[in-house]
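# Structure at a glance
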Number of protein chains: 2
Amino acid sequence: MTITGEMIIGSQLVRGSAGEQRAYNPSTRAEFEPSFGQASGEDVERACALAQQAFDPYRALPLEQRARFLEAVAEQILAIGSELIERAQQETGLPQARLEGERMRTVNQLRLFAKVVRDGRFLGATIDTALPERTPPRPDLRLAKIGLGPVAVFGASNFPLAFSVAGGDTASALAAGCPVVVKAHGAHLGTSELVGRAVQRAVQECGLPEGVFSMLFGDGRTIGQQLVAHPAIKAVGFTGSRGGGTALMRTAASRPEPIPVYAEMSSVNPVFLLPKALEEGGAALANGFVDSLTLGVGQFCTNPGLVFAVKGAALDAFTAAATTALQAKGAGTMLTAGIHEAYNSGIARFGATEGLRLVAQGSTEGIGCAAQAALYEVDAGAFIGNPDLQDEIFGPAALVVRFETEEQMLQAAEQLHGQLTATVHVKQADHALAAKLLPILERKAGRVLFNGFPTGVEVSHAMVHGGPFPATSDSRSTSVGATAIDRFLRPVCYQNLPAELLPEALRDDNPLRLARVLDGDLKVAV
Amino acid sequence: MTITGEMIIGSQLVRGSAGEQRAYNPSTRAEFEPSFGQASGEDVERACALAQQAFDPYRALPLEQRARFLEAVAEQILAIGSELIERAQQETGLPQARLEGERMRTVNQLRLFAKVVRDGRFLGATIDTALPERTPPRPDLRLAKIGLGPVAVFGASNFPLAFSVAGGDTASALAAGCPVVVKAHGAHLGTSELVGRAVQRAVQECGLPEGVFSMLFGDGRTIGQQLVAHPAIKAVGFTGSRGGGTALMRTAASRPEPIPVYAEMSSVNPVFLLPKALEEGGAALANGFVDSLTLGVGQFCTNPGLVFAVKGAALDAFTAAATTALQAKGAGTMLTAGIHEAYNSGIARFGATEGLRLVAQGSTEGIGCAAQAALYEVDAGAFIGNPDLQDEIFGPAALVVRFETEEQMLQAAEQLHGQLTATVHVKQADHALAAKLLPILERKAGRVLFNGFPTGVEVSHAMVHGGPFPATSDSRSTSVGATAIDRFLRPVCYQNLPAELLPEALRDDNPLRLARVLDGDLKVAV
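Residues numbered from 1 in each chain as written. Chains lettered and ligands numbered in written order. Predicted model: local features only at pLDDT ≥ 70, side-chain atom pairs only at ≥ 80, totals over all residues. Heavy atoms only, no water.

### Looking at the sheet that holds strand β10 (residues 180-183) of chain A
Residues and elements named next belong to chain A. Heads up, the rule is: The pairing criterion is simple: DSSP has to find at least two bridges between the two strands. Secondary structure elements follow DSSP: runs of H or I no shorter than four residues count as helices, runs of E no shorter than two count as strands, and numbering proceeds from the N terminus. Fitted lines through C-alpha atoms give the axes, limited to the stretch in contact for helices. The angle between two N-to-C directions lies from 0 to 180 degrees.
If you walk across this open sheet you meet the seven strands as β2-β1-β11-β10-β9-β12-β13, and the pairing is mixed. A strand with exactly one partner marks an edge of an open sheet, and here the two such strands are β2 (12-14) and β13 (261-264). For this sheet, the mean angle separating the axes of adjacent strands, direction not counted, is 20°. Examined bridge by bridge, strand β12 (residues 235-239) and β13 share four bridges and lie parallel to one another.

### Some thoughts on the interface of chain A and chain B
Cut-off, in case you're wondering: Contacts: residue pairs with any heavy atoms within 4.5 Å of one another. Joining two parts hides part of their accessible area as seen by a 1.4 Å probe, and the buried area is that hidden amount summed over both. Put simply, a salt bridge is a Lys or Arg side-chain nitrogen that is within 4 Å of an Asp or Glu carboxyl oxygen. Side-chain atoms alone can form a polar contact between residues adjacent in sequence; in general such a contact is a pair of N or O atoms within 3.5 Å, and within protein one must be able to donate a hydrogen while the other accepts it.
Contact with chain A, which involves 72 residues of that partner, is made by 72 residues of chain B. Summing the contributions of chain A and of chain B, the shared interface buries around 5,800 Å²; its carbon and sulfur component is 56%. For the chain A face of the interface with chain B, the top three residues by lost area are Glu 442, Arg 476 and Arg 490 of chain A, together amounting to 12%. Taken together, chain A and chain B are joined by ten salt bridges. As a salt-bridge pair, Arg 134 of chain B and Glu 458 of chain A come within 2.7 Å of each other at their nearest N and O atoms. Counting across the chain A and chain B interface gives 44 residue pairs in polar contact (both at pLDDT 80 or more). If you list the elements that add at least two residues to the side of chain A that touches chain B, you get α1 (41-60), α4 (96-119), β7 (126-128), β8 (141-147), α14 (431-444), β22 (445-450), β23 (489-495) and β25 (521-523) of chain A.

### Points about the state of the cysteines
What counts is decided by this rule: In this description, a disulfide is simply a cysteine sulfur pair whose atoms lie within 2.5 Å.
Scanning the model with the defined rule gives zero disulfides over all chains in all. The thiol of Cys 48 of chain A is not disulfide-bonded; the next cysteine sulfur, from Cys 178 of chain A, is found 14 Å away. Cysteine Cys 301 of chain A remains unbridged, with the sulfur of Cys 493 of chain B as its closest cysteine sulfur at 15 Å.

### Examining the nonpolar core
Considering soluble globular proteins, one finds that nonpolar side chains tend to be buried as a cluster. This is how it is decided: What is meant by a nonpolar core is a set of buried Ala, Val, Leu, Ile, Met, Phe, Trp, Tyr and Cys residues, joined one to another through side-chain atoms within 4.5 Å. Each residue's exposure class comes from its accessible area (1.4 Å probe, protein chains only) as a fraction of the maximum for that residue type: buried when under 20%, exposed when over 50%, partly exposed otherwise.
Counting residues in each nonpolar core, the largest one holds 160 residues, and the members touching the most others are Phe 272, Phe 308 and Leu 399 of chain A together with Leu 216 of chain B. Ranked by residues supplied to this core, first place goes to helix α2 (residues 63-80) of chain B with nine residues. Beyond its immediate sequence surroundings of up to four residues, Phe 308 of chain A is in contact with Val 271, Phe 272, Leu 273, Phe 383, Val 401, Phe 403, Met 409, Ala 412, Ala 413 and Leu 416 of chain A. Leu 110 and Leu 112 of chain A together with Ala 380 and Leu 438 of chain B belong to the second-largest nonpolar core, a separate cluster that totals 146 residues.

### Topic: α1 of chain A
Residue and element names in this part refer to chain A. Here is the rule we go by: To estimate how far a helix should extend, the number of its residues minus one is multiplied by 1.5 Å. Note that bend, as reported per residue, equals the angle between axes fitted to the 7 residues terminating at that residue and the 7 residues originating from it.
Given a rise of 1.5 Å per residue, 20 residues ought to cover 28 Å, and the 30 Å separating the end C-alpha atoms of α1 matches this to within 8%. Along its length, α1 reaches its greatest deviation from straightness, about 40°, at Ala 54, and the proline Pro 57 lies no more than four positions downstream. Listed as buried for α1 are Asp 43, Val 44, Ala 47, Cys 48, Leu 50, Ala 51, Ala 54, Phe 55, Asp 56, Tyr 58 and Arg 59.

### Topic: the UniProt feature "domain: Aldehyde dehydrogenase" (unreviewed entry) in chain A
The following threshold applies: UniProt positions are given in the numbering used here, feature names are shortened, and annotations may be inferred rather than shown by experiment.
In this numbering, the UniProt entry assigns the feature "domain: Aldehyde dehydrogenase" (unreviewed entry) to residues 19-467 of chain A. Taken end to end, residues 19-467 of chain A is 44% helix and 18% strand, and its two terminal C-alpha atoms sit 37 Å from one another.

### A closer look at the side chain of Lys 444 of chain B
Residue and element names in this part refer to chain B. The following threshold applies: The charged-residue count follows a simple rule in which Lys and Arg add positive charge and Asp and Glu add negative charge, with His and chain termini not counted at all.
Looking at the element boundaries, Lys 444 is found in helix α14 (residues 431-444). Among buried charged residues, Lys 444 stands out as having no salt bridge; its nearest opposite-charge side chain is Glu 414, 4.3 Å away. At 2.9 Å, the side chain of Lys 444 and the backbone oxygen of Leu 416 are in polar contact. Those residues in contact with Lys 444 that sit more than four places away from it in its chain are Ala 413, Glu 414, Gln 415, Leu 416, His 417, Gly 418, Gln 419 and Pro 468.

### Comments concerning the pairing of strand β15 (residues 306-310) of chain B
All names here are of chain B. Under the convention used in this document: Seen with the strands pointing away from the viewer, any crossover whose path from the first strand over the helix to the second strand runs clockwise is right-handed.
β15 sits mainly inside the fold: four of its five residues count as buried. Here three bridges tie strand β14 (residues 270-273) to β15, and the two strands are oriented parallel to one another. For Pro 270, the partnering residue across the bridge sits in β15 and is Leu 306. Assessed by its sense of winding, the connection that carries the chain from β14 through helix α9 (residues 275-294) to β15 is right-handed.

### Re the relation of the copies chain A and chain B
Put simply, the rule is: The fit set for superposing copies consists of C-alpha atoms from residues with pLDDT of at least 70 in both; the fit itself is least squares.
Aligned on chain B, chain A shows an RMSD of 0.0 Å; the corresponding rotation is 180° and the shift along the axis is 0.0 Å. In symmetry terms, the pair is related by a two-fold rotation axis. Both copies present the same face, since 100% of the interface residues in chain A are matched by interface residues at the equivalent positions in chain B.

### Observations regarding the domain arrangement of chain A
All names here are of chain A. Heads up, the condition is: Either an automatic procedure or a domain database provided the assignment from which the domain bounds are taken. Each residue is assigned to one class: nonpolar for Ala, Val, Leu, Ile, Met, Phe, Trp, Tyr, Cys and Pro, charged for Asp, Glu, Lys and Arg, and polar for all the others, Gly among them.
Along its sequence, chain A is organised into domain 1 (10-133 + 143-226) and domain 2 (270-450). Contacts between the two partners involve 13 residues from domain 1, matched on the other side by 14 residues from domain 2. A buried area of about 1,000 Å², summed over both sides, lies between domain 1 and domain 2, and 63% of it is on carbon and sulfur atoms. At the boundary of domain 1 with domain 2, the tally comes to zero salt bridges. Classifying every residue of the side of domain 1 that touches domain 2 by side-chain character gives five nonpolar, five polar and three charged.

### Points about unusual backbone geometry
Going from Thr 135 of chain A to Pro 136 of chain A, the amide bond is cis rather than trans, its omega being -10°. The linkage connecting Phe 469 of chain B with the following residue, Pro 470 of chain B, adopts the cis geometry, with an omega of 5°. By secondary structure assignment, the location of Pro 470 of chain B is in the loop between β22 (445-450) and β23 (489-495). Within the chain, Arg 513 of chain A stands out as a residue other than glycine whose phi angle is a positive 55°. Among the secondary structure elements, Arg 513 of chain A is positioned in the loop between β23 and β24 (516-518).

### Observations regarding the pattern of salt bridges
All names here are of chain B. Enumeration over the complete set of coordinates arrives at 72 salt bridges over all chains. As a salt-bridge pair, Glu 91 and Arg 87 come within 2.9 Å of each other at their nearest N and O atoms. Linking Glu 91 with Arg 87, this pair stays in helix α3 (residues 82-92), spanning four residues, or about one helical turn. No difference in accessibility class separates Glu 91 from Arg 87, as the two residues are buried.

### So, the packing of aromatic side chains
Rules: We call Phe, Tyr and Trp rings a pair once their centres come within 6.5 Å, taking the six-membered ring for Trp, and we label the pair stacked below 30 degrees between planes, edge-to-face above 60, and tilted otherwise. Whether a charge lies above a ring is judged from NZ of Lys or CZ of Arg, which has to be within 6 Å of the ring centre and within 35 degrees of the ring normal.
This model, assessed by the stated rule, comprises 22 aromatic pairs over all chains. Plain terms: the ring middles of Tyr 262 of chain A and Phe 488 of chain A are 5.6 Å apart, the flat faces sit at 85° to each other, and that makes the pair edge-to-face. In this pair, Tyr 262 of chain A is assigned in strand β13 and Phe 488 of chain A in the loop between β22 and β23, connecting sequence segments 226 residues apart. The class of Phe 488 of chain A is buried, set by a relative accessible area of 0%. For the ring pair Phe 159 of chain B and Phe 300 of chain B, a centre distance of 5.6 Å and an interplane angle of 50° mean the geometry is tilted. In this pair, Phe 159 of chain B sits in the loop between β9 (151-154) and α5 (168-175) while Phe 300 of chain B sits in the loop between α9 and β15, placing the two residues 141 residues apart along the sequence. Both residues of the pair, Phe 159 of chain B and Phe 300 of chain B, belong to the buried class. A cation over a ring is seen here: Arg 66 of chain B above Tyr 58 of chain B, with NZ or CZ 5.9 Å from the ring centre. The aromatic ring of Phe 32 of chain B is capped on one face by Arg 87 of chain B, whose charged end is 4.5 Å from the ring centroid.

And the structure:
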């Protein structure tokens, strides 16, 4: 397919007239032809108006049709073939195997949401039967959830497929019955066009209203803000920087009608090495940590940037083993020149911070926007006194905090900002300490994991990829996994509705065979 | 019990030192002794610190104990006896029967949440079993919800029991495992003290950490804002004016860690009279409407303030019958002098609005802060051109909008702001029109009801008392009914947790006999 630089506005391909953006190869630092035309205010208006028009007919479709549409998107993405992987490689510097894995993840994610839609549990169907004899009489009350309305999705730079145009936010919003307007990320414009066209084909193939999906090119600060401010948009999905996320939060909160923003922003993903695990973990623990730290050039939201342990010989041995492992890691190409610069600034900031010691650096061998991994250490006192040391450095850099006592480590855990993940390494003898740590970590993170590393986020039913601010803007939800659909739903209660007007999910004969709550008790359809 | 004017800070009774407030009888306009001491900044600090300390031990209690605590609160409220009803009557002007009904509602609400806690469905327990043979291996992943943390609750003036100190927000937050700090409403201070002491006794009786409950007196603009800004507070429940609610939203959004605000604010609860229902409804329809409009002196959040119908002889007959009914209604005492003034200003604003015609007024006979009911009408064109006519006048005033055509009525429905409820009166012949209206109303309101009136909000499993802005600040939830517990929860995923550290809800042997999602399928314990 020829990449044309055109946007997708419903069934149309539209060349944006408000300036242009260029795709860029972070390895060679070369720009691609053609340019991508940026959206004008009218383009935003048109995409949002179409989305608004599409909302009622799209959400009224039988769940089976909605599920098939999600599957059709998956098929259309696969049908692009190797061109998608090649283009994504050129635009992001990510290796082929990673991108192929990410494509499979994207496709499986769409299929997972197709299953979620068919299961229908997300509707939360609940029925209280009428009690006409009671004083006062109770009316017939039936609850089901509906979509919030059109959703603005901002693609992430670090997952050009799984968290971009047809990624998690788009899949969960479409599953919830919400049309989507994507603001494509500037770091993979051609990849976005290819995937956007695949979604557009699926919309057409399934005979859906055209406004179910649009995709715009443009700057986040202009087009992005206009999109979030548009009255037709009822929720926002975003993965990116804390600055970008909080800017969208402000815009959403200051609308005449404020709307929810699901921004996944910044997390340093602390790793706690408890004494016995540290003592017995040896080089395997250090190697596992360094592998997780440098995976994908540290460009994962769940990258472990902070290590907590009590100082002593075991921690010294860990640091020594981590040093050896880190020095063997080559410098990887980062996603964009801007991310590379920000990483270098972060490292420079660490380097200039009193009390921080550079422990180890990776190799400088690499091309283009290549990032040299780095490991620092700091004593607990200096860490506790400087909350800025909790700020994320996006990339393969981590800080080991050396505590005097377990009690001091628990106190510092209490001071942690919100996180996507918190990791604890334990042996049986550490369980008593872990039991004290766990209630703190439950309050701090969306996922608490033991004896592993936080990178690698399973797309499944029990996953939570979320957490308290600043990890995300809204800890009540997840952006990965089946329950991500809940973000884009709101409940509606139907009182004394004539039977023929009731939504299918709430009809007496339960044609969808849903598990429903009936007069307070869960009833499974047989 | 002697009312002392003291606040409740954990297990202590504390006389606030930052000025004083006085309880007031809106019928006699007399003030009560003693005065109530207002909270200082230190009092806020102390209540919040205790709540923070209580959070982990409180949420760690077995669900059965949490449920019994809610039941103990209910018992302690009943144990106050007639003194509670008498004091509430004096402070609010509400009649005895209404307050007795509201006490029963408050008690039943606490008991409903005890059932919700015991059922444990709110935990959303979900397990994905490990797949060690898969490439890459899938870890063991288990999801359960936990409380957000301490919740600040703002009592409502119009429900001195059911939406105040131990009302819906407090009950649902406590059920979710969250300690509560209440800012008592100035309109029923003595009632608040009586109920607050009942909750305090229940905390002591159940041996809970003292910080599970505190209650402060003070001004919303000072103490209320300090409370919402306090870092220990993780969510806010509020029922009141749009100005008050949006002020709290701004404070919550501008904290270093923004937090959710559940503000239930303003709704005019449109009633659609479809042609056949209007034609056949006769005086019964008009009487039902006027009864709902004037119930509780129009001081319900779901008070029907807007009527939509196509003009003609049937609408004229409805208006005539409503006029007769309204003229027979006496002027009722409003909750406070401030509310009474605001009502009179709203009526004056309607009177001065071009295009609005006064159709009927209730009797002026009444005492103290007595409000005269009022019915206005307006032609569709003038209504559509003036969005301010959608602003709520809190009290027994309504506006009938006369449309030229059904199509014009549908278009105006599309322009409605967010509502708690939308009501449709139909006969069989109206179902086709109702089917066009329903998707619009689903988008506009939390509850859509047919052939009834919106006042009277059942506390049950399927109720939704919520809706898009400005009805509430967050349409994703309800403040009445079993699912209100969801507002104060967030999901946590546990990955590869040692069995002995797992929360009870997620253990392999399922000791709580929960319905759980296992590898994507709902499994009911037998």
